[in-house]
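# Observations on the three-dimensional arrangement
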Amino acid sequence: MSAEPSPRREVVTGEPRRVRPLPRYRTQAEIDEQTALGGAYVRSLMRGQLRAGLTVFGVLALVAGTLPLLFAALNSSALVWAVLGFATYPPLTLAAWWYVRRAERNERDFARLVEGRPAP
């Protein structure tokens with residue numbers, strides 16, 4: 001066994017140095033001051049919301065546009081009312097659910113961008 005002493009521990013009792021954070025570009029100030037960059041950020045949010053709304057509208061228009069063809073193929077008044085009364089609500093509910101989730105995600109991403117937090 002060697003007779004080397006173990007390393008000595010030293011305790012620092014002084015005050016810690018204050019490290020000034022690097023100045024960060026403030027996205028929220030850009031939006032508040034309505035600069036060109038702030039306008040671009042807001043337009044990107046609006047474009048995302050519009051894209052989600054148009055997607056849902058397109059899907060619902062496609063479904064509603066094909067209903068007359070389905071009704072012509074059924075040739076039964078009772079089945080037409082059953083489709084109108086029951087079969088249309090699940091797709092409408094699903095589209096509304098998807099749209100709300102997408103809109104909230106867009107807003108959450110925008111808020112994260114404005115606050116300067118990294119993406120998860």
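Scroll up to find the structure.
Described below are features of the structure shown in this document. Only a predicted model underlies this, so the values are computations on that prediction, with no experimental measurement involved. (Residues numbered from 1 in each chain as written. Predicted model: local features only at pLDDT ≥ 70, side-chain atom pairs only at ≥ 80, totals over all residues. Heavy atoms only, no water.)

Attention now moves to the side chain of Thr 88. The residue Thr 88 is located in the loop between helix H3 (77-87) and helix H4 (89-115) in this model. Contacts of Thr 88, omitting those with residues within four sequence positions, involve Leu 67 and Val 83. (Helix = DSSP H or I, 4+ residues; strand = E, 2+ residues; numbered from the N terminus. Contact = heavy atoms within 4.5 Å.)

You can see Arg 112 is positioned in helix H4. Excluding its chain neighbours within four sequence positions, the residues that come into contact with Arg 112 are Arg 117, Pro 118, Ala 119 and Pro 120.

Here we take up unusual backbone geometry. With a phi angle near 55°, Gln 34 is a residue other than glycine that sits in the positive phi range. As for its placement among the helices and strands, Gln 34 is situated in the loop between helix H1 (27-32) and helix H2 (36-74). Notably, Asn 75 is not glycine yet its phi reads approximately 55°, a positive angle. Note that Asn 75 resides in the loop between H2 and H3. Classification of Asn 75 by relative accessible area gives exposed; the value is 69%. (Buried < 20%, exposed > 50% of the residue type's maximum accessible area, 1.4 Å probe, protein only.)

What follows concerns the pattern of salt bridges. Applying the stated criterion across every chain, the model contains one salt bridge. With a shortest N-O distance of 2.5 Å, Asp 109 and Arg 112 are connected by a salt bridge. Of this pair, Asp 109 and Arg 112 are both found in helix H4, three residues apart, which corresponds to roughly one turn of the helix. Assessed through its relative accessible area of 35%, Asp 109 is described here as partly exposed. The buried category is assigned to Arg 112, whose relative accessible area is 15%. (Salt bridge = Lys/Arg side-chain N within 4 Å of Asp/Glu carboxyl O.)

Nonpolar side chains tend to gather and get buried jointly when the protein is soluble and globular. Counting five residues, the largest nonpolar core consists of Ile 31, Tyr 41, Leu 45, Phe 110 and Val 114. Of all elements in the fold, only H2 and H4 reach the threshold of two or more residues within this core. Every residue in contact with Tyr 41, bar those within four places of it in the chain, is listed here: Thr 27, Ile 31, Phe 110 and Leu 113. (Core = buried A, V, L, I, M, F, W, Y, C linked by side-chain atoms within 4.5 Å.)

The next point concerns the packing of H2 against H3. Contact geometry for H2 and H3: axes closest at 9 Å, N-to-C directions at 150°. Between H2 and H3, the crossing angle belongs to the class labelled roughly antiparallel. By crossing handedness, the relation of H2 to H3 is classed as right-handed. Contact residues: Leu 67, Leu 70, Phe 71 and Leu 74 in H2; Leu 79, Val 80, Val 83 and Leu 84 in H3. Here the residues of the contact of H2 with H3 sort into eight nonpolar, no polar and no charged. (Axes fitted to C-alpha atoms, helices over the stretch in contact; angles between N-to-C directions. Parallel < 35°, antiparallel > 145°, perpendicular 65-115°, else oblique. Left-handed = near helix turned anticlockwise from the far one by under 90°. Nonpolar A, V, L, I, M, F, W, Y, C, P; charged D, E, K, R; others polar.)

A few words now on a nonpolar patch on the surface. Taken together, the side chains of Leu 94, Trp 97, Trp 98, Tyr 99 and Val 100 make up a nonpolar region of the molecular surface, amounting to roughly 500 Å² of accessible area. For Leu 94, the position within the fold is in helix H4. Take Leu 94: its relative accessible area is 54%, and that puts it in the exposed class. (Patch = residues over 30% accessible without salt bridge, like charges linked within 9 Å, V, L, I, M, F, W, Y side chains within 5 Å. Areas by Shrake-Rupley, 256 points an atom, 1.4 Å probe, with all protein chains shown as cover.)

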